[in-house]
Amino acid sequence: MAERKTGEPGAAERKPHALIVEDDESALESLSELVGRQGFSTSTATTLERARDLLSRRPPALLLLDLQLPDGNGLDLLDDVGEESDIEVVLVTAHATVETAVAAVRQGVTDYLTKPIDVTRLKAVLANVARARELRDEIGGLRDELRKLGRFGRIVGVSKPMQELYDLIAKAAPTRATVLLIGESGSGKEVVAHTIHDLSRRKKGAFLAVNCGAVAPTLIESQLFGHEKGSFTGAVRQHIGFFERADGGTLFLDEVTEMPMELQVKLLRVLETSAITRVGGTEPIEVNARVIAATNREPEEAVAEGKLRKDLFYRLKVFPIRLPPLRDRPGDVPLLVERFLAELASEHGVAKTVSPDALAALGRYHWPGNVRELRNALERAFIVAESTITAETLQSEILQPPSPAATTAAGTANRPVEPQGAGAAEPAASPAATGGDGAGVVHVRVGASIAEAEKRLILATLEQCDGNKKRAAGVLGISVRSLYNRLKAYREEGS
């Protein structure tokens, strides 16, 4: 079918563009007219082959995609879209099942509509896409200016890992996609979630945070979904849950892997239907809250250990973002210190400075507790110090370089490590760039980060095991899945 363009000549280039793929000519005509009336230019196709041709010519802002097509499954077209694309994909199907939804989410679909199409819901989807495009342009303009100042929304940092994080936030914020934040405790997951909210179209709505591990299992369902009066002993009045209170805003579910498995089923249902049912209630209540989830576990390991449902994992990780630990960005420590000193001065009503020796010590420390530990350590020193925070006012462990044992991965303390002198040159790497000497010894320089030591140890062990990942994982005392995740991260670092 030939491409249709709506609007006056030249206007199509200024409008968000939609590619509609539907084999029913009548439905295609209706969809094209409706989408065009909502301010989009449109292209239409009835087959995968035609859709691929149009997609290559002009990438759309929105792809409305039928599931069943004459020459294949509509999801096959997602291979042509690509994982890094800004295209919002909405699946249109008359055969909606849980399996279909999970498969669609795994491949990057951000929403799906069932036939016959709810026109009101479709209009809402189109309005969201148009606003997302405008917001994405606005964020793009702000991003470069903010980077020069070392700040991005609520986040501080100028290091390469943080620049990469800013890029991901800028892509995720304007969309409706569910985000999964993965990072160590104290790495700033809630700050990142709040920044995504602040840069989204929901910024005027509420941002509510729930620590799923801090709420009693017997209470968390009521906290999330609410309850009706008399629904259980002690329910003396109706309670509105977090999902309803976050309507039009963002709900941050921290440590989602700590949520009871039976409640994970209900959460999955809410994410798929955008409706909740209060405890003791019978009527579904529509909610419009964007969910950002977070975990300090490796999600794949949590699934393997039975802590996280696989189908919920796929639904949550529409847009996964991994946060760098502070030890991987030591150059950001001075900026963080400056930020925290300003906050502490405001809280205590007195300004204090940091001496060069104290700042140097803070920069050398490996911060196993990440940004949270830095904030707490600085607050303690702020209280102890008179007018200037010196090295003497810092806790003793911060002043001591990490021992060689501390720089090895968990479960590998018995692996031999030969530290070099503080000023010694780093030994030449082996052909596999493992940092080993081929005799079962791994060289780690004093002051190296835990991540660097772990990488050297893992690669050296893998080389000693002749590339046998299962055997190497056994020697290291970690799961094979963890080993694969580490190796994947190392490949991405080198790309």
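Caption draft 1: Representation of the sheet that holds strand β15 (residues 290–295) in the model. Spatially, five strands are ordered β11-β12-β15-β10-β16 in an open sheet, and the strand pairing comes out parallel. The open sheet has two edge strands with one neighbour each: β11 (207–211) and β16 (319–322). Recorded for the sheet is a direction-independent mean angle of 20 degrees between the axes of neighbouring strands. As paired elements, strand β10 (residues 179–182) and β16 share four bridges and run parallel to each other. Residue pairing across strands places Val-179 opposite Phe-319, the latter belonging to β16. Together, β10, β15 and β16 form the strand contacts of helix α6 (residues 160–172), whose direction differs from that of β16 by roughly 160 degrees.

Caption draft 2: Structural view of the pattern of salt bridges. Across all of its chains, the model carries 17 salt bridges by this definition. Close ionic contact of Asp-53 with Arg-50 constitutes a salt bridge, the shortest N to O distance being 2.9 Å. Of this pair, Asp-53 and Arg-50 both sit in helix α2 (residues 48–57), three residues apart, which is roughly one turn of the helix. For Arg-327, the salt bridge goes to Glu-184, with nearest N and O atoms at 2.4 Å. Of this pair, Arg-327 sits in the loop between β16 and α13 (333–348) while Glu-184 is found in the loop between β10 and α7 (189–198), placing the two residues 143 residues apart along the sequence. The class for Glu-184 is partly exposed, based on a relative accessible area of 28%.

Caption draft 3: The arrangement of the side chain of Asp-66 in detail. Following the sequence through the fold, Asp-66 ends up in strand β3 (residues 62–66). According to the relative accessible area criterion, Asp-66 is buried, its value standing at 5%. At 3.4 Å, the side chain of Asp-66 and the side chain of Lys-115 are in polar contact. Discounting chain neighbours no more than four positions away, the residues touching Asp-66 are Val-21, Glu-22, Asp-23, Gly-74, Leu-91, Val-92, Thr-93 and Lys-115.

Caption draft 4: Structural context of the layout of surface pockets. Put simply, the second largest pocket is a space of about 1,100 Å³. The wall of the second largest pocket is formed by 40 residues, among which Asp-111, Arg-121, Arg-176, Thr-273 and Ser-274 lie closest to the centre. When residues of the lining of the second largest pocket are traced back to their parent elements, those giving at least two are α4 (98–106), β7 (111–114), α5 (119–148), α10 (261–273) and β15. It is α5 that provides the largest number of residues to the lining of the second largest pocket, a total of six residues. Taken together, the residues of the lining of the second largest pocket break down into 18 nonpolar, eleven polar and eleven charged.

Caption draft 5: The arrangement of the packing of aromatic side chains in detail. Enumeration over the complete set of coordinates arrives at five aromatic pairs. In this arrangement the basic side chain of Arg-245 is found over the ring face of Phe-242, its NZ or CZ atom lying 4.5 Å from the centre. Here the basic side chain of Lys-352 rests over the ring of Phe-382, its NZ or CZ set 4.8 Å away from the ring centre.

Caption draft 6: The arrangement of the packing of helix α17 (residues 450–464) against helix α18 (residues 469–476) in detail. At their nearest, the axes of α17 and α18 sit 9 Å apart, and the two run at 130 degrees to each other. Classified by the angle between their axes, α17 and α18 sit oblique to one another. In this structure, α17 meets α18 at a crossing whose hand is right-handed. Residues Leu-457, Ile-458, Thr-461 and Leu-462 of α17 form the contact with α18, whose participating residues are Lys-469, Ala-472, Val-475 and Leu-476. Taken together, the residues of the contact of α17 with α18 break down into six nonpolar, one polar and one charged.

Procedures and definitions
Residues numbered from 1 in each chain as written. Predicted model: local features only at pLDDT ≥ 70, side-chain atom pairs only at ≥ 80, totals over all residues. Heavy atoms only, no water. Pairing = 2+ DSSP bridges. Helix = DSSP H or I, 4+ residues; strand = E, 2+ residues; numbered from the N terminus. Axes fitted to C-alpha atoms, helices over the stretch in contact; angles between N-to-C directions. Contact = heavy atoms within 4.5 Å. Salt bridge = Lys/Arg side-chain N within 4 Å of Asp/Glu carboxyl O. Buried < 20%, exposed > 50% of the residue type's maximum accessible area, 1.4 Å probe, protein only. Polar contact = N/O pair within 3.5 Å; in protein donor to acceptor, adjacent residues only side chain to side chain. 1 Å grid on protein atoms, 1.4 Å probe; cavity = no way out; pocket = protein on both sides within 12 Å on 5 of 7 lines; lining within 4 Å. Points joined across faces, edges and corners; volume = space filled by probe spheres on them. Nonpolar A, V, L, I, M, F, W, Y, C, P; charged D, E, K, R; others polar. Phe/Tyr/Trp six-rings, centres within 6.5 Å; stacked < 30°, edge-to-face > 60°. Lys NZ or Arg CZ within 6 Å of the ring centre and 35° of its normal. Parallel < 35°, antiparallel > 145°, perpendicular 65-115°, else oblique. Left-handed = near helix turned anticlockwise from the far one by under 90°.

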